[in-house]
Amino acid sequence: PSPPPPPAPPPPFYARFNDTQCHGMHIIFSTVCNMYGDWMSEGLVYSHYVSGMKGTISRISSCSDVNYSYPKMWHPCMAMHVIPDLSGKVSTFNKAFAIRDWFETGDGASLLDTDVVVLMDADMVLTQALDHPLLVDAKRISEVRPGRPLSQ
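An account of the accompanying structure is given in this report. Just so it is clear, the structure is predicted and the values come from calculations on it, not from any experiment.

Scoring rules and cut-offs
- Residues numbered from 1 in each chain as written.
- Predicted model: local features only at pLDDT ≥ 70, side-chain atom pairs only at ≥ 80, totals over all residues.
- Heavy atoms only, no water.
- Core = buried A, V, L, I, M, F, W, Y, C linked by side-chain atoms within 4.5 Å.
- Buried < 20%, exposed > 50% of the residue type's maximum accessible area, 1.4 Å probe, protein only.
- Contact = heavy atoms within 4.5 Å.
- Helix = DSSP H or I, 4+ residues; strand = E, 2+ residues; numbered from the N terminus.
- Expected span 1.5 Å × (residues − 1).
- Disulfide = S-S within 2.5 Å.

## Here's the deal with the nonpolar core
Now for step 1: With 17 residues, the main nonpolar core has M25, I27, M53, I57, V118 and L130 as its most contacted residues.
Now for step 2: When residues no more than four places from it in sequence are discounted, the contact partners of I57 are I27, F29, L44, V45, H48, H75, C77, M78 and A79.
Now for step 3: Residues I28, I60, A79 and I99 belong to the second largest nonpolar core, which totals 13 residues.

## Observations regarding helix α1 (residues 35-51)
Now for step 1: Along its 17 residues, α1 runs 24 Å from first to last C-alpha, staying within 8% of the 24 Å computed at 1.5 Å per residue.
Now for step 2: Listing the buried residues of α1 in full gives G37, D38, M40, S41, L44, V45, S47, H48 and S51.
Now for step 3: Phi turns positive, to about 80°, at G52, one or two residues after α1.

## Considerations on the environment of L111
Now for step 1: Mapped onto the secondary structure, L111 falls in the loop between α2 (92-105) and β4 (117-119).
Now for step 2: Put simply, L111 and P11 are 100 residues apart on the chain and 8.3 Å apart in space, counted from C-alpha to C-alpha.
Now for step 3: If we skip the residues at most four places from it in the chain, L111 touches F13, Y14, H26, W102, F103 and V117.

## Quick notes on the state of the cysteines
Now for step 1: The full count for this structure, using the stated rule, is 2 disulfides.
Now for step 2: With a sulfur-sulfur separation of 1.9 Å, C22 is cross-linked through a disulfide to C77. Every disulfide takes its handedness from the sign of the S-S torsion; for C22 and C77 that torsion is -75°, giving left-handed. With C22 in the segment before β1 (25-32) and C77 in the loop between β2 (55-63) and β3 (78-84), this residue pair connects regions lying 55 residues apart in the sequence.
Now for step 3: Taking relative accessible area as the criterion, C22 reaches 0% and is therefore assigned buried.
Now for step 4: Shown here is the disulfide that connects C33 with C63, its sulfur atoms set 1.9 Å apart. Because the sign of the S-S torsion sets the handedness, a value of about 75° for the bond joining C33 and C63 places this disulfide among the right-handed ones. Of this pair, C33 sits in the loop between β1 and α1 while C63 sits in strand β2; the two residues are 30 residues apart in sequence, bridging distant segments of the chain.
Now for step 5: Residue classification places C33 among the buried residues on the basis of a relative accessible area of 15%.
Now for step 6: Judged by relative accessible area, which is 7%, C63 ranks as buried.
Now for step 7: Across the protein, the way the bonded cysteines pair up, counted in sequence order, is 1-4, 2-3.

Here is the structure:
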């Protein structure tokens, strides 16, 4: 008898969202766990929602306070990923290590090769969807694929 087939890979994390609005680009951003980080996160998440952007938005937070109370997530396509604060004396380490952790152990680990991830900063806002046809870079964004990244 032939060996059993290998197990099917797990579905991508966004499959858990029932709303098809959550399927599309995946925006990630990193913050620390404090009120200022919460405030900036809220602005970016709200702009994601009102811009009509399709896809998920994930807050990746570095936090040394295990009892920190994050604001309630109201956005139907939002996810959280929390890691311990790794900065020590160099706060710029948090972003790189937090994003790596998201890709290795968080929702990013289940992405498909064809998925597009957009890295933003928490102090940014979306004025329109990144794939809006009138956006200058909309065509370039639609061409993102393995081996063909896009950067600003």
